[in-house]
Structures are given as structure tokens and as C-alpha cells.
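# Architecture and fold: a report
Below are the chains, spelled out letter by letter.
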Amino acid sequence: MSFEIISTIRSHGGIQGVYRHQSSATGTPMVFSVFTPPQAVNGRKLPVLWFLSGLTCTHANVTEKGEFRRLAAELGLVIVCPDTSPRGDGVADDAGWDLGQGAGFYVDATEAPWAPHFRMWTYVTEELPALVTRHFPVDMDRQGITGHSMGGHGALTVALRHPGRFKSVSAFAPIVAPTQVPWGQKAFPTYLGSDKAAWLRHDAVALIEHGALVPEILVDQGTADGFLEGQLRPHLLEAACQKAGIKLTLRMQEGYDHSYYFISSFMDDHLRWHGERL
């Protein structure tokens, strides 16, 4: 698997790169970013943290606004940021911002016209990790995963369905129970059809209720987030974790919204959380 270098920029002693490759999972070019910290010398392999972004985003949102490089360089963390969906001519789309390009929901679509390209589950769990392993100095025995909103949903479900792969998992304002909120109730039947069992495999609360476990989870959620009650509903995750015995640190951050001002405010806390466990 090869890739094209779009750009590389020196930052905090490391390298922030943006790359493009032809994806076999999506059948399209895919762009992703990788921050390689300065400790990557003499063949040394470093822990890796995956950041999955939210609705309407690309790799660029967190890469440019996440403010992670200073501390990632200090801690020696490789940060990988994929795109949120396939893109381009011939790729299905929707007029709504919460469906189609920019809104892949980290599932493998089974329904027309989405199925040929919208295979983001395979992309983020199989194809991109294989490419990153081959070309970057990562220790795949020390992986963490995090994400925001739709990407928080992705981070939680990926970790819950791959027990043992990730030593740490966190999320910013995640969609914790997409089968119970409008975003998921729109996306899941569109991408996955009428098989509700398929929906539940991509619902963190449902996965926990059916026995999926991780040791602990960190979640930050803003109290002024306009999506809090209607779409995010972190109390559902809290209840599921309590019943399952999962240690959940749920921090309700007073006055913060859903934006990257919120994410960047608590990014250092999440990096330290992952760094301690990786």
C-alpha cells in the first residue's frame, strides 16, 4: 500500500503530515493526517492515538483546530486523523449535512446507493491501520482511540468491538446511543437498511448492554452543547457503564458547546489520559 504526500510541516520538533491514498475499502482516494513526534528516531516505535472526527468534518478540522501537537510531542504520541467519509465524483451524497459525504457514521453501508463506497468501518478498523503500520513508526500494541460527536460514537464502538486492541478510549460529546436519537435513526436505516440488529452493532450503549466491555472510558461533554439532550444523551452511557461495571469518567463542562473551542480546551486532558495508559 502506497500513499502520496500532500504536505509535511515541522511542528513542535515533529512532523505534521497530510497524505492521500487510493482506498480499496471505499474505492476512492482518501486523505488522512499523521503527526509524528520528535521521539521517532533510530527506528523507535511510538504509541498511536486515533482521532475520529464528527459530522461535516474532514481530517483537517482537528488537525488545524485541535491544538494537540505541543503535548503530543512532549508525550511521544503519534496522532492519526482519518476523514469521515468517502468523497468525490460518483460518490453518493445527500442534501442534508447529517447524511452522505462528511457523514459516514463509521459503518459499512449495505444499502444502495451507499454500499459501493461508504465502508468506513472497514477503512478505520482494517485498511488505514495496516497502511499506518507499514509506513509510520507506530507500536500497534499501544493504541488509543478518541473522537468527537459522530467520531466519539465511532471511537466507542470501535473500542467496544475490538476488545484488547485499544489500551485507552475517550470521547468528546459522543453520540452514545445512535439508535435512540434522530441522527442515528436517520443514518442507520439509510446506510444499513431495516435490520435493527445491524444498527445495534454500531450503538455503544447497546453494545455495553449486550456484554461488550472496556476497562474505562473518559468523556467530556459541554453543558451548553445544543445537541446535548436531543442527540448525545450521555446519561444513557453513564447508566449502561454503571450497570456493566465499566469505570466511566463523565465530566460535564459548564458553559462549553459542541465546537472545537470546547475540544481544544480539554485536548490536553485527553492526551494525558491516553499517554498514561499507553
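Now for a quick tour of the structure. Keep in mind it's a predicted model, so treat the numbers as computed, not measured.

### Looking at helix α3 (residues 120–135)
Counting along an α-helix, one turn takes 3.6 residues, and residues three or four places apart therefore face a common direction. Maximal helix bending in α3 amounts to about 35 degrees, located at leucine 128; proline proline 129 follows within four positions. Those residues of α3 that fall on the buried side of the exposure criterion are Met120, Trp121, Thr122, Tyr123, Val124, Thr125, Glu127, Leu128, Pro129, Leu131 and Val132. The inward-facing, buried residues of α3 abut β2 (14–22), β3 (29–36), β4 (46–52), β5 (78–81), β6 (138–147) and α4 (150–161).

### Re the sheet that holds β2
The nine strands are arranged β1-β2-β3-β5-β4-β6-β7-β8-β9 in an open sheet whose pairing can be described as mixed. The open sheet has two edge strands with one neighbour each: β1 (4–11) and β9 (247–253). Across the sheet, the axes of successive neighbouring strands diverge by a mean angle of 20 degrees, strand direction being ignored. In the sheet, β2 pairs with β3 via eight bridges, with the strands oriented antiparallel. Its bridge partner lying in β3, isoleucine 15 is registered against threonine 36. Packed on one face of the sheet, helix α10 (residues 260–277) meets β4, β5, β6, β7 (166–172), β8 (216–222) and β9 and runs near 165 degrees to β7.

### Some points on the nonpolar core
Ranked by internal contacts, the top residues of the largest apolar core, which has 88 residues, are Phe32, Ile79, Phe105, Ile145, Tyr191, Ile217 and Leu237. Broken down by element, this core gets its largest block of residues, seven residues, from α3.

### Some words on the environment of glutamate 127
Among the secondary structure elements, glutamate 127 is positioned in helix α3. Relative accessible area serves as the criterion here: at 9%, glutamate 127 is assigned to the buried category. Between the alpha carbons of glutamate 127 and threonine 26 there is a distance of 9.8 Å; along the sequence they are 101 residues apart. Once residues within four sequence positions are removed from consideration, glutamate 127 is found in contact with Met1, His21, Gln22, Ser23, Ser24, Ala25 and Thr122. Among the polar contacts made by the side chain of glutamate 127, one reaches the main-chain amide nitrogen of alanine 25 at a distance of 3.1 Å.

### Considerations on the environment of glutamine 180
One can find glutamine 180 in the loop between β7 and α5 (182–192). In the structure, glutamine 180 is positioned 28 residues away from glycine 152 in sequence and 16 Å away in space, judged by C-alpha atoms. Once you skip the residues sitting within four places of it in the chain, glutamine 180 turns out to touch Gln185, Asp203, Val205, Arg233 and Leu236.

Criteria and thresholds
Position labels on residues start from 1 in each chain and follow its written sequence. Only residues with pLDDT of at least 70 get local features here, since the model is predicted, and only at 80 or more are side-chain atom pairs given and counted; chain-wide, interface and lining totals rely on the full set of residues. Side-chain descriptors were evaluated using all non-hydrogen atoms of the structure, hydrogens and water having been removed beforehand. A residue's bend is the angle separating two fitted axes: one through the seven residues that end there, the other through the seven that start there. Each helix is a run of DSSP H or I of at least 4 residues and each strand a run of E of at least 2, with the numbering of both proceeding from the N terminus. When accessible area is computed with a 1.4 Å probe and restricted to protein chains, residues below 20% of their type maximum are described as buried, those above 50% as exposed, and intermediate ones as partly exposed. We call two residues in contact whenever any of their non-hydrogen atoms come within 4.5 Å of each other. A pair of strands counts as paired when DSSP detects no fewer than two bridges linking them. Lines fitted to C-alpha atoms define the axes, with helix axes restricted to the stretch in contact, and inter-axis angles between N-to-C directions lie between 0 and 180 degrees. Joining through side-chain atoms within 4.5 Å is the link that ties buried Ala, Val, Leu, Ile, Met, Phe, Trp, Tyr and Cys residues into a set, and such a set is a nonpolar core. Here a polar contact is recorded for every N or O atom pair within 3.5 Å, except that within protein the pair must consist of a potential hydrogen donor and a potential acceptor, and residues adjacent in sequence are included only if both atoms are side-chain atoms.

Note that all results are geometric; they support no functional claim without further evidence.
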